[in-house]
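Chain and residue survey
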Amino acid sequence: QVQLVESGGGLVQPGGSLRLSCAASGFTFSSVPMSWYRQAPGKERELVASITSAGGRTNYADSVKGRFTISRDNAKNTVFLQMNSLKPEDSAVYYCNALVTWRTGILGNYWGQGTQVTVSS
């Protein structure tokens, strides 16, 4: 079955950095675009960054442009989110997302369990 396992979250001071990882299994990773979302308490889940299957194109929320970088290693079935110059408003649970189109034509939308990022002094 599909599994997405995030890691790398934690407590960091404003201005600091964190690198999130998401290890994927259960589907052909190199064929699937991947995304990172986040959800802060009392707020809706929002798209942070996405990357195409081969990694050639990326997309970012305006709030993180220039600070966050999404990347992937298709040989290791892993997607990353490098977060620099972190701000308190970046505090949230970060989720890895995979949108898989199966051979049957069914579209599967899969989420990891989330990893907490807290930016505070």
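Please refer to the structure placed before this passage.
A quick note: this is a predicted structure, and the numbers were derived from the prediction, not measured.

**Focus: the pattern of salt bridges**
Here the structure, examined in full by the defined rule, presents four salt bridges. In this structure, the salt-bridge partner of Arg 38 is Asp 90, at a minimum N-O distance of 3.0 Å. Linking Arg 38 in strand E4 (residues 34–39) with Asp 90 in the loop between strand E8 (78–83) and strand E9 (92–101), this pair joins segments that are 52 residues apart in sequence. Exposure remark for Arg 38: the relative accessible area of 5% places this residue in the buried category. Given a relative accessible area of 0%, Asp 90 falls into the buried group.

**Regarding the environment of Gly 9**
One can find Gly 9 in the loop between strand E1 (3–7) and strand E2 (10–12). Classification of Gly 9 by relative accessible area gives partly exposed; the value is 32%. Between the C-alpha atom of Gly 9 and that of Ser 21, which follows or precedes it by twelve residues, the distance is 8.8 Å. For Gly 9, the residues in contact, after removing those within four places along its chain, are Leu 18, Leu 20, Thr 115, Gln 116 and Val 117.

**Some points on the nonpolar core**
Counting residues in hydrophobic clusters, the biggest one holds 32 residues, and the most contacted among them are Phe 27, Met 34, Trp 36, Leu 81 and Tyr 94. Broken down by element, the residue count for this core peaks at five residues, all from E9. Dropping the residues within four chain positions of it, Tyr 94 is found in contact with Glu 6, Leu 20, Trp 36, Tyr 37, Arg 38, Val 48, Phe 68, Leu 81, Met 83, Gly 114, Thr 115 and Val 117.

**With respect to the packing of aromatic side chains**
For the coordinates displayed, the defined rule picks out four aromatic pairs. Ring centres 6.3 Å apart and planes at 40° place the aromatic pair Phe 27 and Phe 29 in the tilted group. Chaining the aromatic ring pairs together yields one cluster made of Tyr 37, Tyr 95 and Trp 111. Here Arg 45 stacks its cationic end above the ring of Tyr 95, 3.8 Å away from the centre of that ring. Its end group placed over the ring of Phe 29, Arg 72 keeps NZ or CZ at 4.3 Å from the ring centre.

Conventions used here
- Residues numbered from 1 in each chain as written.
- Predicted model: local features only at pLDDT ≥ 70, side-chain atom pairs only at ≥ 80, totals over all residues.
- Heavy atoms only, no water.
- Salt bridge = Lys/Arg side-chain N within 4 Å of Asp/Glu carboxyl O.
- Helix = DSSP H or I, 4+ residues; strand = E, 2+ residues; numbered from the N terminus.
- Buried < 20%, exposed > 50% of the residue type's maximum accessible area, 1.4 Å probe, protein only.
- Contact = heavy atoms within 4.5 Å.
- Core = buried A, V, L, I, M, F, W, Y, C linked by side-chain atoms within 4.5 Å.
- Phe/Tyr/Trp six-rings, centres within 6.5 Å; stacked < 30°, edge-to-face > 60°.
- Lys NZ or Arg CZ within 6 Å of the ring centre and 35° of its normal.

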